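Structural overview for review
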Amino acid sequence: MRRSSTFARQVLLVRVGRRDGDLHPTDLTPTEHRYADRQRRRYGLDRLSRPTLAVDPTLGLDRADIDAVVPVSPAMPPMAQVDDARSIPLLPGERTMARRMKFGLVNACTLASLMLGMLAIFLAMQGEVRMAALCLIACVGFDGLDGALARRLGVASPFGAQMDSLADMCSFGLAAPVVVYASLAGSVSTAAAAVACALVAACAAIRLARFNVSPKDGRFFCGVPTTMAAAVLAVTVAIGLPVPGAVLVAGVALLAFAMVSSFPYAKLARLVKLPPWLWLAPVIGALVDIRLTFALVVVGYLVSGPVLWLRQRRTA
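Residues numbered from 1 in each chain as written. Predicted model: local features only at pLDDT ≥ 70, side-chain atom pairs only at ≥ 80, totals over all residues. Heavy atoms only, no water.

Below, the discussion takes up the side chain of Thr293. One can find Thr293 in helix α12 (residues 290-315). The exposure class assigned to Thr293 is buried, which follows from its relative accessible area of 14%. Other than its neighbours up to four places away in sequence, Thr293 contacts Pro282, Gly285 and Ala286. (Helix = DSSP H or I, 4+ residues; strand = E, 2+ residues; numbered from the N terminus. Buried < 20%, exposed > 50% of the residue type's maximum accessible area, 1.4 Å probe, protein only. Contact = heavy atoms within 4.5 Å.)

Right, let's get into the packing of helix α6 (residues 158-184) against helix α8 (residues 226-239). Where α6 contacts α8, the two axes come as close as 10 Å, and the packing angle between them is 25 degrees. Put simply, α6 runs roughly parallel to α8. Here α6 runs over α8; the crossing is left-handed. Within the contact between the two elements, α6 uses Asp168, Phe172, Ala176, Val179, Val180 and Ser183 and α8 uses Thr226, Thr227, Ala230, Leu233 and Val237. (Axes fitted to C-alpha atoms, helices over the stretch in contact; angles between N-to-C directions. Parallel < 35°, antiparallel > 145°, perpendicular 65-115°, else oblique. Left-handed = near helix turned anticlockwise from the far one by under 90°.)

This next bit is on empty space enclosed by the protein. For the structure shown, the criterion picks out one cavity of 30 Å³ or more. What lines the largest cavity is Phe172, Val200, Thr226, Ala229, Ala230, Leu233, Leu255 and Met259. When residues in the lining of the largest cavity are grouped by element, the largest group, four residues, is from α8. Its residues placed into classes, the lining of the largest cavity shows seven nonpolar, one polar and no charged. (1 Å grid on protein atoms, 1.4 Å probe; cavity = no way out; pocket = protein on both sides within 12 Å on 5 of 7 lines; lining within 4 Å. Points joined across faces, edges and corners; volume = space filled by probe spheres on them. Nonpolar A, V, L, I, M, F, W, Y, C, P; charged D, E, K, R; others polar.)

Glancing now at the packing of aromatic side chains. Applying the stated criterion across every chain, the model contains three aromatic pairs. Geometrically, the ring pair formed by Phe103 and Phe159 is tilted, given 6.0 Å between the ring centres and 40 degrees between the ring planes. Remark: Phe159 occurs in helix α6 and Phe103 occurs in helix α4 (residues 97-125); sequence separation between them is 56 residues. Consider the rings of Phe263 and Trp309, whose centres lie 5.7 Å apart with planes at 65 degrees: the pair is edge-to-face. Linking Phe263 in the loop between α9 (245-259) and β2 (264-266) with Trp309 in helix α12, this pair joins segments that are 46 residues apart in sequence. Judged by its relative accessible area of 31%, Trp309 is partly exposed. Over the ring of Phe221 we find Lys267; its NZ or CZ atom is 5.1 Å from the centre of that ring. (Phe/Tyr/Trp six-rings, centres within 6.5 Å; stacked < 30°, edge-to-face > 60°. Lys NZ or Arg CZ within 6 Å of the ring centre and 35° of its normal.)

Looking now at the layout of surface pockets. Empty space within the second largest pocket amounts to approximately 560 Å³. Among the secondary structure elements, those contributing two or more residues to the lining of the second largest pocket are α5 (129-153), α6, α8, α9 and α12. For the lining of the second largest pocket, the residue count by class is 19 nonpolar, four polar and one charged.

Now the structure itself:
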């Protein structure tokens, strides 16, 4: 340790402004030798021999050792050495032509959802809100299809998960609030509609980011998923739910906050296991009045989150 500290001190004592070839023989002399030189000069002993090498040979050091410990500016960090410059494969595992085609098919579904979301934005800008809502419903279908195909074909990958998250943000975090904003034009104030739709976009971004970094629960969602929220908004616009504009704005804001809530919401796999008579009731109600039935189903699902949360707290 003493030897290392002595060498570090002698490197730091190099005079600023000298070139590599202009180093004085005493510039890199160890500190102990420089103090001895002062004593020799003080007592008239300059006739004693002085070291003539730039580095003390007893240390066994060369120029490469000196460069290795020369201080580096904090503004210019040293470049990390990359041993392997090959890119990480997008599809882990066996890279056969058949798996690549399956991988391309899954990502094509993801891109289809993305493109339909863009088309929904364009249609909403032209006033075709019903067609835009139908495009959003198709986005929901492709979003569920790509995940199911990835698991069925065995080509699930981190790249596909990130692609799906980005497509969801475009289709459900941006296209859905744009379509809702276009449908609310003229029925409510522009500021109220803008705030409610901006909340949907912000909460969708938070919901997707939280989903990517949180541990997965096979039974419940933590908050309403963005796909389901977008589906509710799209169907509301498509069927023209006959409610006042202020109620629609409040419902949109409530749905946005439900996405970032911590309430547990049952996944579709658990809903399918419900008794058949529970599924028969909404089917019959849709035949009688589809709008009222849809509103009751949405309200019931939103209320189920707080109910499950209270039940879990009581049993804990």
